[in-house]
Amino acid sequence: MELEDTDPVRAGRRRRVLITGAAGQLGRALQEAFAGDDVLALGHADWDVAQPAPAGLASPDLVLHAAGWTDVDGAEADPQGAAAVNVGGSAHVAALGAPLVAFSSDYVFDGRKRTPYLESDAPNPLSAYGRSKLNGEAAAGSRAWIVRTSWLFGETGNNFVRTMLRLGAERDEVAVVDDQRGCPTYVGHLASAVAQLVSDSAQFGVWHLAAGGECTWADLAEAIFEDAGVACRVRRIGSDELARPALRPAYSVLRSERLGAPELPHWRDGLRACLARVAG
Ligand SMILES: NC(=O)c1ccc[n+]([C@@H]2O[C@H](COP(=O)([O-])OP(=O)(O)OC[C@H]3O[C@@H](n4cnc5c(N)ncnc54)[C@H](OP(=O)(O)O)[C@@H]3O)[C@@H](O)[C@H]2O)c1
């Protein structure tokens with residue numbers, strides 16, 4: 001019996017890439033960035049990652065695990081539900097046995113630092129969501145690139161940029177928090193950086209991949225209105241005024257200290273790239 005060569009290049013075939021959470025904003029961007037591969041894009045209905053993989057799934061060469069419980073406030077009311085998806089999901093995806101990119105979050109940190117968080121900094125999540133992401137990192141196993149990223153936005157899905165564009169068209173003023181500082185990251189730029197990380201055969205382990213620069217949510221809202229030509233004022237408020245169920249870190253700027261880490265463009269460039277596609 002002749003066994004199939006598992007190295008796609010040696011075997012003269014395209015790399016088989018499985019994407020979970022393929023209908024999410026990051027999942028869609030990954031489909032574009034890996035369009036040259038043989039991509040199997042699975043949405044929530046195709047594989048609920050809180051369950052083991054569906055029977056008969058062909059073994060991939062690479063898994064991009066973009067499915068996740070992303071409702072940060074909802075996780076406070078249902079931490080087991082969040083863990084089933086974010087921890088159980090990582091374990092089920094790792095069980096496929098292929099090299100894996102697992103996405104984690106700046107919310108694994110408590111935000112007490114005032115200089116960028118590096119891979120060697122100790123996590124200390126403030127929320128049930130942050131804990132589920134941290135435990136999900138461990139569940140991804142030893143053949144995983146754990147990509148910590150932050151404040152994602154894209155031209156599809158539920159995200160801050162799209163919410164501000166909607167509110168800005170309806171109102172003269174929006175109240176936005178000004179006491180959380182991070183790196184708003186465009187999913188298209190993140191997906192390209194992930195493609196680079198994988199093609200460089202970077203070492204497995206934790207990688208911080210977030211946009212260049214830093215700002216608060218209020219700064220981001222003002223930039224959105226300015227770049228989109230929307231006449232809406234931003235009223236800067238404190239997080240305490242919103243009284244949301246989950247605590248968020250006051251400072252969660254991510255930078256990489258690892259040799260060869262892909263560098264992402266500045267968040268303002270990401271915003272322009274996103275708005276160009278929203279308008280188009
Ligand atoms: N958004 C951010 O700011 C941010 C920041 C840092 C890290 N991350 C991480 O990046 C990853 C992608 O996030 P995103 O922004 O692309 O989120 P998203 O747009 O909400 O996409 C997540 C996708 O996962 C799917 N999903 C949820 N539960 C699932 C389950 N049990 N089984 C299979 N699929 C499931 C969702 O489907 P349904 O909509 O049908 O439930 C959705 O299509 C997540 O791991 C997230 O934690 C996000």
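Residues numbered from 1 in each chain as written. Predicted model: local features only at pLDDT ≥ 70, side-chain atom pairs only at ≥ 80, totals over all residues. Heavy atoms only, no water.

Chemist: It is not clear to me how the overall build of the chain should be interpreted in this structure. Could you clarify?
Modeler: Counting secondary structure elements, the chain contains ten helices and twelve strands. Against the compact-globule benchmark of 19 Å for 280 residues, the chain has a radius of gyration of 19 Å, which places it among compact chains. Seen through its C-alpha atoms, the chain measures out along the principal axes to roughly 70 × 40 × 40 Å. Within the chain, buried positions represent 48% of all 280 residues. Considering only contacts within the chain whose residues lie at least 6 apart along the sequence, 80% involve residues at least 24 apart. When the accessible area of the chain is evaluated, it comes to approximately 13,000 Å², of which 50% is carbon and sulfur surface. With 27 positive and 36 negative side-chain charges, the chain shows a separation of 1 Å between the mean positions of the two kinds. (Helix = DSSP H or I, 4+ residues; strand = E, 2+ residues; numbered from the N terminus. Rg over C-alpha atoms; globule rule 2.2 N^0.38 Å. Buried < 20%, exposed > 50% of the residue type's maximum accessible area, 1.4 Å probe, protein only. Contact = heavy atoms within 4.5 Å. Areas by Shrake-Rupley, 256 points an atom, 1.4 Å probe, with all protein chains shown as cover. Lys, Arg positive; Asp, Glu negative; His and termini not counted. Charge placed at Lys NZ, Arg CZ, Asp CG, Glu CD.)

Chemist: Help me understand the pattern of salt bridges, please; the structure alone is not making it clear to me.
Modeler: Within this structure, the stated rule accounts for 19 salt bridges. Among the salt bridges present, the one from Arg 277 reaches Glu 32, with a minimum N-O distance of 2.9 Å. Taken together, the residues Arg 277 in helix α10 (residues 267–279) and Glu 32 in helix α1 (residues 25–33) connect sequence positions 245 residues apart. Relative accessible area serves as the criterion here: at 42%, Arg 277 is assigned to the partly exposed category. Given the relative accessible area of 48%, Glu 32 is considered partly exposed. Between Arg 233 and Glu 173 there is a salt bridge, with its nearest N and O atoms 3.5 Å apart. One end of the pair, Arg 233, is in strand β12 (residues 233–237); the other, Glu 173, is in strand β7 (residues 173–177), and 60 residues separate them in sequence. (Salt bridge = Lys/Arg side-chain N within 4 Å of Asp/Glu carboxyl O.)

Chemist: Would you mind showing me how to read the packing of helix α3 (residues 79–86) against helix α5 (residues 128–139) here?
Modeler: The geometry of a pair of packed helices is captured by two quantities: the angle between their axes and the separation between those axes. It is the contact of α3 with α5, at a shortest axis distance of 9 Å, that shows an interaxial angle of 25 degrees. In terms of orientation, α3 lies roughly parallel with respect to α5. Considering how the two elements wind past one another, α3 and α5 form a crossing that is right-handed. Contacts between α3 and α5 pair Pro 79, Ala 82, Ala 83 and Asn 86 from the former with Ala 128, Tyr 129, Ser 132, Lys 133 and Gly 136 from the latter. (Axes fitted to C-alpha atoms, helices over the stretch in contact; angles between N-to-C directions. Parallel < 35°, antiparallel > 145°, perpendicular 65-115°, else oblique. Left-handed = near helix turned anticlockwise from the far one by under 90°.)

Chemist: Looking at this structure, how should I read the site of the ligand?
Modeler: Taken together, the neighbourhood of the ligand is formed by 22 residues, with Gln 25, Asp 48, Tyr 129, Lys 133 and Leu 152 sitting nearest. Between Leu 26 and the ligand, the recorded distance is 3.0 Å, taken from a backbone N or O atom to an oxygen atom. Measuring from an oxygen atom of the ligand, one finds a side-chain N or O atom of Tyr 129 at 2.7 Å. Bound to the protein, the ligand loses 78% of the 900 Å² it would expose on its own. Mapped by element, the contributors of at least two residues to the shell around the ligand are α1, β4 (100–105) and α5. Sorting elements by how many residues they give to the shell around the ligand places β4 first, with three residues. For the shell around the ligand, the class distribution of residues is eleven nonpolar, nine polar and two charged. (Near = heavy atom within 4 Å. Polar contact = N/O pair within 3.5 Å; in protein donor to acceptor, adjacent residues only side chain to side chain. Nonpolar A, V, L, I, M, F, W, Y, C, P; charged D, E, K, R; others polar.)

Chemist: I'm lost on unusual backbone geometry in this one. Help?
Modeler: Positive phi is not limited to glycine here, since Trp 151 has a value of about 45 degrees. Take Trp 151: it is sitting in the loop between β5 (144–149) and β6 (152–153). Given a relative accessible area of 8%, Trp 151 falls into the buried group. Backbone geometry at Ala 243 places phi at a positive 45 degrees, although glycine is not the residue there. Looking at the secondary structure, you find Ala 243 in the loop between α9 (239–242) and α10. Overall, Ala 243 belongs to the exposed group, its relative accessible area being 63%.

Chemist: Looking at this model, I keep getting lost on the pairing of strand β3 (residues 62–65). Mind explaining?
Modeler: Taken residue by residue, a regular strand's side chains alternate between the two faces of the sheet. Of the two faces of β3, the one lined by Leu 62 and Leu 64 and the one lined by Val 63 and His 65 are each fully buried. Pairing geometry for strand β1 (residues 16–20) and β3, over four bridges, is parallel. Bridge pairing in β3 links Ile 19 to Leu 64. With three bridges joining them, β3 and β4 adopt parallel strand pairing. Bridge pairing links Val 63 to Leu 100 in β4. (Pairing = 2+ DSSP bridges.)

Chemist: So what exactly am I meant to see when it comes to the packing of aromatic side chains here?
Modeler: Two measures describe an aromatic ring pair: the distance that separates the ring centres and the angle between the ring planes. Here the structure, examined in full by the defined rule, presents seven aromatic pairs. A network of ring pairs unites the aromatic residues Phe 109, Tyr 117 and Tyr 251 as a single cluster. One Lys or Arg, Lys 113, reaches over the ring of Tyr 117 and ends 5.3 Å from the middle of that ring. Stacked on the ring of Trp 207, the Lys or Arg Arg 258 has its end atom at 4.1 Å from the ring centre. (Phe/Tyr/Trp six-rings, centres within 6.5 Å; stacked < 30°, edge-to-face > 60°. Lys NZ or Arg CZ within 6 Å of the ring centre and 35° of its normal.)

That's the geometry; what it means functionally is another story.
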